[in-house]
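# Chains, contacts and geometry: an overview
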Amino acid sequence: MAAPSCNALGLWVRGSGQWLGSSFTLISQPFCSAAAASGTLNAQRLAEKLRAQKQEQKTKKQPVPTNPVQRRVQELVRFTQQLQRVHPNVLAKALSRGIVHQDKDLVVINKPYGLPVHGGPGVQLCISDVLPILAKMLRGHKAEPLHLCHRLDKETTGVMVLAWEKEVAHQVHELFRTRQVAKKYWAITVRVPVPPAGVVDIPIIEKEVQGQQQHYKMTLSPGYRMDDGKMVRARTSRGAHIAVTQYQVLSSTLSSALLELQPITGIKHQLRVHLSFGLDCPILGDHKYSDWNKLAPQKLCVGTLRKLGLKQAKARHIPLHLHAHQLILPALASRKEELSLVCKPPRYFVCSLKRLGLQMPSQDQSGDDEAGRPRAQ
């Protein structure tokens, strides 16, 4: 009976043009120990080579698009990814450069695009994580952490209020809850609402979307419906929330508009739902609410794509064009007068306006950069 022999399985790395030898060895007798050692070394070299190739792919620079709009989209995507990877001290420093107002009670920042306020699944870094660091940067190492007074969605930019004391934060939160804070948002919309100014007063409810991708969305829950050409009262859903939005067109073309929005209530995704499902004018870059039945990149008409300098295949990179432009806080604590807080829109917002042929109010012609640095007014 013949003695068992050593069998080695070789591995050819696809695309490398090299035979890397044995990736593992089957050992049945002591005289195969040398082959086993050789197999182990080969496996280590293989692992090191694969790690090096993976690292090289990561560090390899992507080709820079010649189209300025595509280049701007690439920069914004890269910026939002960097926000999740930077050290908390770096993020706190960026937020400190975006301060638009500071007094003994409040600190007001210009929130950048793509930065979540709270943590959650998949969130590596958020604003609440760096509030202790930001406080120390502003008041020294003995400073207590700042407190959140309200929140903005991850994709929304603009005015965000922080408080030094927990009691003041609670007072500001109550002002928001009781609708005593005047809020003005700017949004670039696909299509133009008719009429150009008005109030959307339609309750909102969260529902599950059935289909290939099961997910949840906020949607309208109107109190009336059409039945054989007649308007009849609909049954009120228990989970529906009263939602009221005042809107006004500031500038428009045939296919897009710049709107000023004043949410009277503060329901989750209220502005996005009212614009998309209530006025049939979804916000530019709103890939969630532009279509009820599915989650897919926003479909844009040929004319809009041409103005933006993009192909439909790249539309998924367009950011949400929703900006918290102004907050007006009533008198609070030692302050006897109301406080008007204004943040200019980010640069990508201003660039889109120019591309689409929309006019912005003259006092707000320049935009902030993505790091949230405001320009003095």
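Rules of the game
Residues numbered from 1 in each chain as written. Predicted model: local features only at pLDDT ≥ 70, side-chain atom pairs only at ≥ 80, totals over all residues. Heavy atoms only, no water. Helix = DSSP H or I, 4+ residues; strand = E, 2+ residues; numbered from the N terminus. Buried < 20%, exposed > 50% of the residue type's maximum accessible area, 1.4 Å probe, protein only. Lys, Arg positive; Asp, Glu negative; His and termini not counted. Salt bridge = Lys/Arg side-chain N within 4 Å of Asp/Glu carboxyl O. Contact = heavy atoms within 4.5 Å. 1 Å grid on protein atoms, 1.4 Å probe; cavity = no way out; pocket = protein on both sides within 12 Å on 5 of 7 lines; lining within 4 Å. Points joined across faces, edges and corners; volume = space filled by probe spheres on them. Nonpolar A, V, L, I, M, F, W, Y, C, P; charged D, E, K, R; others polar. Pairing = 2+ DSSP bridges. Patch = residues over 30% accessible without salt bridge, like charges linked within 9 Å, V, L, I, M, F, W, Y side chains within 5 Å. Areas by Shrake-Rupley, 256 points an atom, 1.4 Å probe, with all protein chains shown as cover. Polar contact = N/O pair within 3.5 Å; in protein donor to acceptor, adjacent residues only side chain to side chain. Phe/Tyr/Trp six-rings, centres within 6.5 Å; stacked < 30°, edge-to-face > 60°.

### Section: the side chain of lysine 183
As for its placement among the helices and strands, lysine 183 is situated in strand E7 (residues 182–190). Here lysine 183 is buried and forms no salt bridge, its nearest opposite-charge partner aspartate 153 lying at an N-O distance of 11 Å. Residues contacting lysine 183, with those up to four places away along its chain left out, are Phe176, Leu261, Gln262, Pro263, Thr265, Gly266, Gln326 and Leu327.

### Re the layout of surface pockets
Empty space left among the atoms is revealed by rolling a probe the size of a water molecule over them. As a volume, the largest pocket reaches approximately 1,400 Å³. If you go around the largest pocket, you meet 49 residues; those closest to its centre are Arg151, Leu152, Asp153, Lys154 and His269. Elements represented by at least two residues in the lining of the largest pocket include exactly helix H2 (68–85), helix H5 (166–177), E7 and helix H6 (270–278). Tallied by class, residues from the lining of the largest pocket come to 20 nonpolar, 18 polar and 11 charged.

### Let's talk about the pattern of salt bridges
Across all of its chains, the model carries four salt bridges by this definition. Between aspartate 286 and arginine 272 there is a salt bridge; the shortest N-O distance is 2.8 Å. With aspartate 286 in the loop between H6 and helix H7 (302–308) and arginine 272 in helix H6, this residue pair connects regions lying 14 residues apart in the sequence. For aspartate 286, a relative accessible area of 0% translates into the label buried.

### Observations concerning unusual backbone geometry
With omega at 0 degrees, the peptide bond leading from valine 194 into proline 195 counts as cis. When you line up the elements, proline 195 lands in the loop between E7 and strand E8 (197–201). The backbone of arginine 191 shows a phi angle near 80 degrees, a positive value even though the residue is not glycine. With a phi angle near 60 degrees, aspartate 280 is a residue other than glycine that sits in the positive phi range. Summarising the element assignment, aspartate 280 is placed in the loop between H6 and H7. The class for aspartate 280 is partly exposed, based on a relative accessible area of 46%.

### Thoughts on the pairing of strand E11 (residues 224–227)
In this sheet, strand E12 (residues 230–233) lies alongside E11 in antiparallel orientation, the contact comprising four bridges. Counterpart to aspartate 227 in the pairing with E12 is lysine 230. Remark: two residues form the turn of the hairpin made by E11 and E12, two consecutive strands paired antiparallel; aspartate 228 in that turn has positive phi of roughly 55 degrees.

### Brief notes about a nonpolar patch on the surface
Nonpolar side chains collect at one region of the surface, where Tyr224, Met226 and Met231 lie side by side and expose about 380 Å² of accessible area between them. Along the polypeptide, methionine 226 turns up in strand E11.

### Topic: the environment of serine 276
In this structure, serine 276 sits in helix H6. Spatially, the C-alpha atom of serine 276 lies 8.9 Å from that of threonine 189, the residues being 87 residues apart in sequence. Look past the residues within four positions of serine 276 in its chain and what remains in contact with it is Cys281, Pro282, Tyr289 and Ser290. Here the side chain of serine 276 touches tyrosine 289 through a polar contact of 2.4 Å, landing on its backbone oxygen.

### Points about the packing of aromatic side chains
If you walk through the whole model with that rule in mind, you get three aromatic pairs. Where tyrosine 113 meets tyrosine 348, the ring centres are 5.7 Å apart and the plane angle is 70 degrees; that geometry is what we call edge-to-face. With a gap of 235 residues between them, tyrosine 113 in the loop between strand E4 (106–111) and helix H4 (127–139) and tyrosine 348 in helix H8 (residues 347–356) connect regions that are remote in the sequence. We classify tyrosine 348 as buried; its relative accessible area is 5%. Both rings, one in phenylalanine 277 and one in tyrosine 289, keep their centres 6.1 Å apart while their planes meet at 70 degrees; by these two values the pair is edge-to-face. With phenylalanine 277 in helix H6 and tyrosine 289 in the loop between H6 and H7, this residue pair connects regions lying 12 residues apart in the sequence. Accessibility expressed as a relative area gives 0% for tyrosine 289, which makes it buried.

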